[in-house]
Number of protein chains: 2
Amino acid sequence: MLPLLPFKKTNDIRHFINFSKKKKKTLEMSKSKILVVGGTGYVGKRIVKASLAQGHPTFVLMRREIGYEVEKLQKLLSFKKQGARLIEGSFSDHQSLVDAVKKVDVVICTMSGVQFRSHNILLQLKLVDAIKEAGNIKFQNIHVNVFKTQRFLPSEFGIDPSRMEHGLEYGKETFGDKMVVRKAIEDAKIPYTYISANCFGAYFVGNLSQPNTLFPPKDRVSIYGDGNCKAVFMDEDDVATYTIKTVDDPRTLNKTLYLRPNENILTHNDLVEKWEKLTNKTLQKVYISAEDFLASMKDLDHAYQAGFARIYQIFYDGCLMNFEIGEGGEEASDLYPEVRYTRMDEYLQRYL
Amino acid sequence: MLPLLPFKKTNDIRHFINFSKKKKKTLEMSKSKILVVGGTGYVGKRIVKASLAQGHPTFVLMRREIGYEVEKLQKLLSFKKQGARLIEGSFSDHQSLVDAVKKVDVVICTMSGVQFRSHNILLQLKLVDAIKEAGNIKFQNIHVNVFKTQRFLPSEFGIDPSRMEHGLEYGKETFGDKMVVRKAIEDAKIPYTYISANCFGAYFVGNLSQPNTLFPPKDRVSIYGDGNCKAVFMDEDDVATYTIKTVDDPRTLNKTLYLRPNENILTHNDLVEKWEKLTNKTLQKVYISAEDFLASMKDLDHAYQAGFARIYQIFYDGCLMNFEIGEGGEEASDLYPEVRYTRMDEYLQRYL
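In this text the structure is predicted, and so the values were computed from the model without any measurement. (Residues numbered from 1 in each chain as written. Chains lettered and ligands numbered in written order. Predicted model: local features only at pLDDT ≥ 70, side-chain atom pairs only at ≥ 80, totals over all residues. Heavy atoms only, no water.)

## Remarks on the interface of chain B and chain A
Selection rule: Two residues form a contact once any of their heavy atoms are found within 4.5 Å. The term buried area denotes the loss of accessible surface (1.4 Å probe radius) that occurs when two parts are joined, taken as the sum for both partners. Any Lys or Arg side-chain nitrogen found within 4 Å of a carboxyl oxygen on Asp or Glu counts as a salt bridge. By the criterion applied in these results, polar contacts are pairs of N or O atoms within 3.5 Å in which, for protein atoms, one can donate a hydrogen and the other can accept it, and in which residues neighboring in sequence qualify only through two side-chain atoms. Numbering of helices and strands runs from the N terminus, with a helix taken as a DSSP run of H or I at least four residues long and a strand as a DSSP run of E at least two residues long.
The interface is formed by 32 residues belonging to chain B together with 32 residues belonging to chain A. Taken as a group, Tyr-68, Leu-214 and Phe-215 of chain B account for 27% of the area that chain B buries against chain A, more than any other trio of residues on that side. Where chain B packs against chain A, one counts two salt bridges. In this structure, the salt-bridge partner of Glu-88 of chain A is Lys-218 of chain B, at a minimum N-O distance of 2.2 Å. At the junction of chain B and chain A, the tally comes to 12 residue pairs in polar contact (both at pLDDT 80 or more). Those elements that place two or more of their residues in the side of chain B that touches chain A are helix H2 (44–53), helix H3 (70–81), helix H7 (201–204) and helix H13 (344–349) of chain B.

## As for the confidence of the model for chain A
All names here are of chain A. Here is the rule we go by: Confidence of the predictor at the level of single residues is captured by pLDDT, which takes values from 0 to 100.
Per-residue confidence for chain A averages 90 on the pLDDT scale, and 88% of its residues sit at or above 70. Taken together, the stretch residues 1–19 has pLDDT below 50 and engages in six contacts with residues farther than four places along the chain or on a different chain. In the predicted assembly, ipTM is 0.84 and pTM is 0.87.

## Considering helix H6 (residues 173–187) of chain B
Residue and element names in this part refer to chain B. Going by this rule: For a helix, the expected span equals 1.5 Å multiplied by the residue count minus one. Note on classification: 1.4 Å probe, protein chains only; a residue is buried when its accessible area is under 20% of the maximum for its type, exposed when over 50%, partly exposed between these limits. The directions from the helix axis to the C-beta atoms form the arc being described.
A rise of 1.5 Å per residue sets the reference length of H6, with its 15 residues, at 21 Å; its end C-alpha atoms lie 21 Å apart and thus fit the reference within 8%. For H6, the complete set of buried residues consists of Thr-174, Phe-175, Asp-177, Lys-178, Val-181, Arg-182 and Ile-185. The buried residues of H6 occupy an angular sector of 165° when the element is viewed end-on, so they sit on one face. For H6, the exposed residues set more than 90 degrees away from the buried face come down to Lys-183 and Asp-187. Immediately downstream of H6, the backbone of Lys-189 shows phi near 55°, a positive value.

## Description of the relation of the copies chain B and chain A
To keep it simple, the criterion reads: Least-squares superposition aligns the copies on the C-alpha atoms of those residues with pLDDT at or above 70 in both.
Once chain B is rotated about the relating axis by 180° and shifted along it by 0.0 Å, it coincides with chain A to within an RMSD of 0.0 Å. The operation mapping one copy onto its partner corresponds to a two-fold rotation axis. The C-alpha atom lying nearest the rotation axis in chain B is that of Glu-71 of chain B; the distance is 5.5 Å. With an isologous cut-off of 70% or more, the 100% of interface residues of chain B that recur at the interface of chain A puts this contact in the isologous class.

## Some words on the nonpolar core
Put simply, the rule is: To define a nonpolar core, start from buried Ala, Val, Leu, Ile, Met, Phe, Trp, Tyr and Cys residues and group those joined through side-chain atoms within 4.5 Å.
Grouped together as the largest cluster of nonpolar side chains are 152 residues, with contacts concentrated most on Phe-233 of chain A together with Phe-233 of chain B. With residues up to four places along the chain from it excluded, the contact list for Phe-233 of chain B reads Cys-199, Phe-204, Val-205, Ser-209, Asn-264, Leu-266, Leu-271, Phe-315 and Met-344 of chain B.

Put into C-alpha cells, the structure is as follows:
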C-alpha cells in the first residue's frame, strides 16, 4: 500500500511516483540488456524467464517465418506480457539481425543442435556477422571495431565440444559445427562465454537415461557398463539461472562455464538408486557392455544414432567428468553459491 | 489462518482438519470426473486447466507414443503438479482406453482436426468403442449397456459440421469426419454435447483474419467481400471455460452448445476497426471479391486450401451466424452469464 497520508498534495505523490520510476530505471540500467535468439525453444524459453526474473531488460527475437506455429506466437505474447520486448527479425535479413543486436549488450543464442529436433548450429554464423557489423564504426575513414556486444553466448548448453574431437563418429557434426562457431567468434574477437550444461533432466533423469522414452522404466533398467562412470545432471531451469547469472560477470569473460554442482555429480547407479528409494521398488538391472551398446546403434537412423552416441560418450567414455576444469573454465556453483540448485531426487519426484 | 486458540487439544485440531478434508471430498464428489484425451494440444491444455480450475477431478491420457516430445512430457508433468492424474494409454491398445474411460464420468476429446497441424478426427471411433465397452455389463448372460460415461464431448470446437454438407470442397473432410463420429456416438446412444466454438482468437483475431500470418498487418488489410458478414470470435481460454461449465448441465445433454456471446459477434469491418482504434492508425483496405478469393486458393497445397476455405465459409458464406439456434442447441453465454468472457479489443491488446 502506498503511504498516502504523509503527502500533502498531489505534487508530493507525483514526486514519489517519479522517484520510484527513477529508482527502477537506475536498477534496470545497471543490468545488461539481453537479446535471446531462439526464445520459444526448450532452452530459450527458460533463458527468457531467468533473464526477466533476474531483472535484465529482455529482448526476444520474433522471427517472421513463424507462420502458423500458434504455440510459438502465444509463448512470445506471454513473454511480452511479462515485460520482454519482442523484436522482429529474420535470419534471411542481415540488417534485421544487426538492428536487433544493436539494441542490447548481451546476445544469447539457443537454437537447437539436437538431431531429433532441428540442427541449426551453423546458422549462428549469420549472428556472428551481425554482431561484427553492429560494432563496426567508421571513424575518419578508418573502420574501427568497437564491440557494442559485451558478451555473446552461442548455443552450446551440452557437452564441451572442444574435448570431443576423437569421439564416436555418430552425431559428431554437432561438436564440429559448434567449434566452427567458436572459431568465428574468437577470430572476430567477440567477447564470449560458453555454457557447458551437461545432462538435461528431462532427457537423462526422468527416464533414468534409458533410450527411446522420457518416462521412468517400470521393471527393468539398462545399466551402462558397470554403472560407475560419473556424470552431471541438471534441472533445465537451473541451467538458465546460471546462464543469466554469468552474463555480466568478468570472471567468465572469454571462458567456459561448466555446470557441475557437487550434489548433482552422480553415477548411473546413483541415479537409479535414487529412483528406487523414492518408489520403494527395486528394478531389475541389465548391465550392457560397451560392445553390445555400440552394436545396438548400428541400424538406427541418424538422429537416434546421435542420441545413443551421447549416452555412450557420457556413460562409457565419461566425457563430462574425465577432466579437471582448467584455466579456460569456471564452475557455476563455485561462482554462484547463492543459487539453490535442484537435486536429482527432487527432480525425480515429479515423475512419481 | 487457522483459528488455533479455541481448540483445547490436538484432538480438536485433528477433528477440524478431518472436517475440512471431508468437506473438500464432498465438494470434489459432486463434480464429475473428467478425462481429457489430447490434453497437451492447443485446445486440450486449456480444457485441462479449466477442468482443474472448476474443481473437477481431472484425468489426462498420457500416450505411450510420446517418444522424445519433451514439451508434451513437461506439460503432462505440470498438469500432474497442479493436481491432474495422468493415465497411461494408447490408441493402439483398446483395453487401455477402456480402463481409462472406466475411471471417469465425462470424456472430452480434443484431438486436432486442423489440416496444417494433424487430422485425427476418425481416431475417435476407437474412443467411442472404448466408451461402449466400458458400459457393457454382462448380467445373467445378457449384455446390458448401462453407460458409465455420463457425457462424451468429441473433438469439435469449430464450425457446426452438420450445417456444412453443401459447402466448398476444400478441407471438407473435417466436417465429414466429424459427422461420422457424431453418427457413431448417437447410434451407440452415448450421451453427448457438441461444442461449436467458432473463431479462435489466435487464428482469426490477432491477425485480423489475414491468411499466412498470426500477426496483425502493418499497413494494408484484406477485407473479405464488403466486410459486413457477421462472425463470432472467441478467446481460447473462454472456449475451455464454457466447455467445462457444460459437462454436468442437463440443459445441454445431447445438444450442441454454440458459443455466441453477444459482444463477440462482429463483422470483419468491426474487428479491423477495433484494431485501428487501439493502434490509432488507419489501415489501407483492399476489398477482395468472392471470385478473386476463390481464384487465389487454386494453387495452394491442400492444408492451406482447407485454411482458406474456412475464411471463405465464415466471411463470404456467413456460416457461423446464418442460422438461428434451434431446439438441438443452446447458447453458452445465455446459459452461463456468470462467465466474464474476453472481448476482442481486450484480446487484441496483447498484440500492441
